[in-house]
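Coordinate analysis (summary)
What follows is each chain in one-letter form.
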Amino acid sequence: MSKEFVLLVTPLVVLELILKLVCLRDWMKREQVNGLSRTAWLLIFLFVNLFGPIAYLVYGRKHHGHD
Amino acid sequence: MHNNIGILLWKEMTEGLRSYRILIWVMVCLFFGILSPLSAYYMPDILAMIGSTQNIALTLTEVTYRDAVDQYVKNFTQIGSIIMIFLAMGSVAGEKADGSLQFLMVRPISFHVILFAKIIALMAMVVLGIGIAALVCALYTQYLFPGFPLTLFIQSNLILLLYLLVIGVMTTSLSAMVSRPVTAGLASLGLWLVFSMLGSLGGAGWYSFTRLASEIIQVVEGFPISLKPFSSAILVILGSIEGALCVLSRWEPSH
């Protein structure tokens, strides 16, 4: 793996980490989530890249119309 | 009225930040802006690696900036459109469901102002995201592919902006017509698929706004473009807003 490749790809990794951290912070302070169990959402946003955090933030974190 | 629009716009932007809609859109735009030129640049290496593990010899043509732009346009007009539908589907229907629209209606504010504030806030979000994506994609493509036509690429992003605005306005309007966000999302997805299928037809296909995607590539390559998909885009935007206002004016809050 060249140094150039690592430098070019690093911003993508940072973006993904920011999204996962935002989800994790929200998940930790929320007792109930939408659709699936809390553990299922944790696994989804941690292990499914880009779409996992988006799905959690758009759908999972909502609960009975209150954010 | 101007004051009301200002207050409602502020409310929409605050809601966009609070619900992470703006963050998600900006992140997705950044992701596509970086990923598109990178995946085009490294595609021969990736395919060669796959070929070597399966003993297949793959011959590829030289990768140019056109592949990067093509990837960028595909990412936004396919995955980006679906994400836009997800983000806009609850904008009015969600407020109907949780009662905040009823709360707004006890104030002297017309449906026109509410809907326009939502659409202007959506436009601001799309412009911000596409602006960031175009900037990042241009930087990466310029670095990886010498001879990249920067000015034409910036012009082509205006068409991409229009494409995503059509999807956003269509979804917001559908969200105003129904009572559940999921219904609005599915209806918008269905309409987008219909327009995409129409766009794949020969002559009549030029009147589908989804043909704007091929016009983006035309602009980058310096070729002349057809105005037919633009007329379709304007008609869909105006028709959606008119339909939404018509339904909203008859809407009675359920108790």
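Values in this document were obtained by computation on a predicted structure and should not be read as measured data. (Residues numbered from 1 in each chain as written. Chains lettered and ligands numbered in written order. Predicted model: local features only at pLDDT ≥ 70, side-chain atom pairs only at ≥ 80, totals over all residues.)

1. Let's talk about the overall build of chain B
Our working rule: Each helix is a run of H or I in the DSSP string that is no shorter than four residues. Each strand is a run of E no shorter than two, and both are numbered from the N terminus. To sort residues by burial, count the other C-beta atoms lying within 10 Å of each one's C-beta; a count of 20 or more means buried, 12 or fewer means exposed, and anything in between means partly exposed. C-beta atoms are built from the backbone. Residue pairs are scored as contacts if the distance between their C-beta atoms, which are placed from the backbone, is within 7 Å.
Helix and strand counts for chain B come out as 10 helices and zero strands. Counted from the first residue to the last, chain B has its helices and strands arranged as α-α-α-α-α-α-α-α-α-α. When the backbone C-alpha atoms are referred to their principal axes, chain B occupies close to 70 × 40 × 40 Å. Evaluated residue by residue, chain B yields a buried proportion of 42% over its 255 residues. Taking all contacts inside chain B whose residues are at least 6 apart in sequence as the whole, residues at least 24 apart take part in 77%.

2. Considerations on the overall build of chain A
The number of helices and strands found in chain A is three helices and zero strands. Reading chain A from its N terminus to its C terminus gives the helix and strand order α-α-α. Considering only contacts in chain A between residues 6 or more positions apart, those separated by 24 or more positions represent 62%.

3. Topic: the environment of V178 of chain B
All names here are of chain B. By secondary structure assignment, the location of V178 is in the loop between helix 7 (150-177) and helix 8 (181-199). Sequence separation between V178 and A97 is 81 residues; the distance between their C-alpha atoms is 10 Å. Discounting chain neighbours no more than four positions away, the residues touching V178 are A93, T183, A184 and A187.

4. Points about the packing of helix 7 of chain B against helix 10 (residues 228-249) of chain B
Residue and element names in this part refer to chain B. As a reminder, the rule being used: Interaxial angle, 0 to 180 degrees, is taken between N-to-C directions of lines fitted to C-alpha atoms, where a helix line uses only the stretch in contact. Each angle receives one of four descriptions, namely roughly parallel if under 35 degrees, roughly antiparallel if over 145, roughly perpendicular if within 65 to 115, and oblique otherwise. Note on convention: near helix rotated counterclockwise from far helix by under a right angle means a left-handed crossing. Clockwise means right-handed. Residues are grouped as follows: Ala, Val, Leu, Ile, Met, Phe, Trp, Tyr, Cys and Pro are nonpolar; Asp, Glu, Lys and Arg are charged; every other residue, Gly included, is polar.
Here helix 7 crosses helix 10 at 15°, and the two axes come no closer than 8 Å. For the element pair helix 7 / helix 10, the angle class is roughly parallel. You can see that helix 7 and helix 10 cross each other, and the crossing is left-handed. Judged by residue contacts, L162, V166, V169, M170, S173, A176 and M177 of helix 7 engage A233, V236, I237, S240, I241, G243, A244, V247 and L248 from helix 10. Residues belonging to the contact of helix 7 with helix 10 are distributed by class as follows: 13 nonpolar, three polar and no charged.

5. Section: the packing of helix 7 of chain B against helix 9 (residues 212-220) of chain B
Residue and element names in this part refer to chain B. In the contact formed by helix 7 and helix 9, the axes pass within 8 Å of each other and the chain directions differ by 170°. In terms of their interaxial angle, helix 7 and helix 9 are classed as roughly antiparallel. The residues of helix 9 that touch helix 7, namely those facing L152, F153, Q155, S156, I159, L160, L162 and Y163, are L212, A213, E215, I216, V219 and V220. The residue makeup of the contact of helix 7 with helix 9, split by class, is 11 nonpolar, two polar and one charged.

6. Considerations on unusual backbone geometry
For L50 of chain A, which is not glycine, the phi torsion reads 55° and is therefore positive. If you trace the backbone, L50 of chain A turns up in the loop between helix 2 (38-47) and helix 3 (51-60). Classification of L50 of chain A by C-beta neighbours within 10 Å gives partly exposed; the count is 19. The phi dihedral of Y20 of chain B falls on the positive side, at around 70°, and the residue is not glycine. Relative to the assigned elements, Y20 of chain B resides in the loop between helix 1 (2-18) and helix 2 (21-53).

7. Describing the confidence of the model for chain A
Note the threshold: Note: pLDDT gives the predictor's confidence per residue, expressed from 0 to 100.
Overall, the prediction assigns chain A a mean pLDDT of 87, with 90% of residues at 70 or greater. The spread of mean pLDDT over the elements of chain A runs between helix 3 of chain A, the lowest at 90, and helix 2 of chain A, the highest at 94.

8. Section: the interface of chain A and chain B
Listed per partner, the contact involves 13 residues of chain A and 16 residues of chain B. Of all elements in the fold, only helix 1 (3-29) and helix 3 of chain A reach the threshold of two or more residues within the side of chain A that touches chain B. Here the element with the most residues in the side of chain A that touches chain B is helix 1 of chain A; it accounts for seven residues. Of the residues contributing to the side of chain A that touches chain B, the split by class is 11 nonpolar, one polar and one charged.

9. Brief notes about the nonpolar core
Test applied: What we call a nonpolar core is a set of buried Ala, Val, Leu, Ile, Met, Phe, Trp, Tyr and Cys residues whose membership is set by joining through C-beta atoms within 7 Å.
Counting 80 residues, the largest nonpolar core has I24, L164 and V166 of chain B as its most contacted members. No other element matches helix 6 (residues 111-144) of chain B, which puts 15 residues into this core.

10. A short note on the confidence of the model for chain B
Residue and element names in this part refer to chain B. With 97% of its residues at a pLDDT of at least 70, chain B reaches an overall mean of 88. Within chain B, the lowest mean pLDDT, 75, falls on helix 5 (residues 100-105), and the highest, 94, falls on helix 7. The ipTM, which scores confidence in the relative placement of chains, is 0.85 for this predicted complex, and the corresponding pTM is 0.88.

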